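Chain by chain, the residues:
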Amino acid sequence: MTHAVRIPLATLWSDPSHRTAANVVTQALLGDPVEIQEERADGWARVTLPDQDGDGGWLPLAQLAPLGDDGGPVSIVDALGTDLRDEPGGTLAMPGVPLGTRLVAAGSPRDGWLPVRVPGAGAPLWVSQADVRTDPADPVATARRLLGVVYVWGGLSPGGIDCSGLVHLAWRCAGMRLPREARDQAAAAESLAPGEERAGDLYFFALPGARIHHVGIVVEPGVMLHASGEARIVIEEPVPPDLAVILTGAGRPKATA
């Protein structure tokens, strides 16, 4: 049975016994489908994430619930974070649902609020219609909204994000799916000749003889948005000299819905 994340943001670890920043693999958002590969007696489960092309790790089983019915119109959280309530304008039921979360409608809007299905919830919760959108967001515009967000390895939210997470989230807000890891994003992109890149394309970086380890979103030729491990925040800048020498090329995302 497919399960889904039942909390606003779940962190996946490479080792459930050693939970440090270095052991973070990725994060998953509320409602993201999860395939359980293994369960331990201590309540931890090893899972994979179909929406992240199979990436996965360990998380507490209590953070999951059966997926249930996921059919219906989908809205994407467009605010940096929003709260779900038990009725329109009612009591707070789930705070801090982050940008990019997909919410499946459970009925018709009422008084500016939309009922949505939430894994593990006994009844629909309500989100302000002002905080969600059904039309695709521009990936570059989304990334710009995250300028100044702190760099966090494995992060996938406005609370902290890494380079490939920024790309994955920006295209997620456009209603499209890209792989989670930079090397896989490169494999899923159409290669471009130098000078062919345009806004919304991607720059990829790798040390000689090594796999791609960094990615940035092209704003214009030679300028990119990226979650910088050196600056420790999301920034927009000309490709710096230390990255220019390991630029392996540019690619145009071939995303899927």
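Residues numbered from 1 in each chain as written. Predicted model: local features only at pLDDT ≥ 70, side-chain atom pairs only at ≥ 80, totals over all residues. Heavy atoms only, no water.

Chemist: Any chance you could break down the overall build of the protein chain for me, citing the residues and the numbers?
Modeler: A tally of helices and strands in the protein chain yields four helices and 22 strands. Its C-alpha atoms give the protein chain a radius of gyration of 19 Å, within 12% of the compact-globule value 18 Å for 257 residues. Expressed along its principal axes, the backbone C-alpha trace of the protein chain runs to roughly 55 × 45 × 30 Å. Each of the 257 residues in the protein chain was classed as buried or not, and the buried ones make up 49%. In the protein chain, the share of contacts with a sequence separation of at least 24, taken over all contacts with a separation of at least 6, comes to 55%. (Helix = DSSP H or I, 4+ residues; strand = E, 2+ residues; numbered from the N terminus. Rg over C-alpha atoms; globule rule 2.2 N^0.38 Å. Buried < 20%, exposed > 50% of the residue type's maximum accessible area, 1.4 Å probe, protein only. Contact = heavy atoms within 4.5 Å.)

Chemist: An account of the pattern of salt bridges is needed here, citing residue identities and associated values.
Modeler: Tallying each qualifying case throughout the model produces twelve salt bridges. The partner of arginine 177 in a salt bridge is aspartate 53, with the nearest N and O atoms 3.9 Å apart. Here aspartate 53 lies in the loop between β5 (44-48) and β6 (56-60) and arginine 177 lies in the loop between α2 (163-172) and α3 (182-187), a separation of 124 residues in the sequence. One salt bridge connects glutamate 236 with arginine 144, and the closest N-O pair in it is separated by 2.9 Å. (Salt bridge = Lys/Arg side-chain N within 4 Å of Asp/Glu carboxyl O.)

Chemist: Can you tell me about α2, naming the residues and giving the values?
Modeler: Of all the ten residues making up α2, ten are buried; the element is thus mostly covered by neighbouring parts of the structure. Of the positions making up α2, those classed as buried are Cys163, Ser164, Gly165, Leu166, Val167, His168, Leu169, Ala170, Trp171 and Arg172.

Chemist: Describe the nonpolar core, listing the residues and the values that go with them.
Modeler: If you look at the biggest cluster of nonpolar residues, it comprises 32 residues, and the most contacted ones within it are Ile161 and Ile217. Secondary structure elements with two or more residues in this core: α1 (139-145), α2, α3, β18 (202-205), β19 (214-220) and β20 (223-228). The biggest single contributor to this core is α2, with six residues. Those residues in contact with isoleucine 217 that lie beyond four places of it in its chain are Val140, Ala143, Leu166, Val167, Ala170, Trp171, Gly200, Asp201, Leu202, Val223, Met224 and Leu225. Listed in part, the 13 residues of the second largest apolar core include Leu103, Val116, Val118 and Val132. (Core = buried A, V, L, I, M, F, W, Y, C linked by side-chain atoms within 4.5 Å.)

Chemist: Which residues make up unusual backbone geometry, and what values go with them?
Modeler: Positive phi is not limited to glycine here, since aspartate 111 has a value of about 55°. Even without glycine at this site, arginine 232 takes up a positive phi of about 70°. Note on placement: arginine 232 falls in the loop between β20 and β21 (233-238). According to the relative accessible area criterion, arginine 232 is partly exposed, its value standing at 43%.

Chemist: Let's hear about the pairing of β5: which residues, and what values?
Modeler: Where strand β4 (residues 33-39) meets β5, four bridges bridge the pair, whose relative direction is antiparallel. When the sheet's bridge partners are listed, isoleucine 36 is paired in β5 with valine 47. Turn length for the β4-β5 hairpin, with the two strands adjacent in sequence and antiparallel, is four residues, and the turn residue glycine 43 shows positive phi of about 95°. The pairing of β5 with β6 spans five bridges and is antiparallel. (Pairing = 2+ DSSP bridges.)

Chemist: Which residues make up the sheet that holds β18, and what values go with them?
Modeler: Spatially, six strands are ordered β17-β22-β18-β19-β20-β21 in an open sheet, and the strand pairing comes out antiparallel. Each end of this open sheet is capped by a strand with a single partner; those strands are β17 (189-192) and β21. Across the sheet, the mean angle from the axis of one strand to that of its neighbour is 35°, orientation sign disregarded. Running at roughly 55° to β19, α2 makes contact with β18, β19, β20, β21 and β22 (247-253) of the sheet. (Axes fitted to C-alpha atoms, helices over the stretch in contact; angles between N-to-C directions.)

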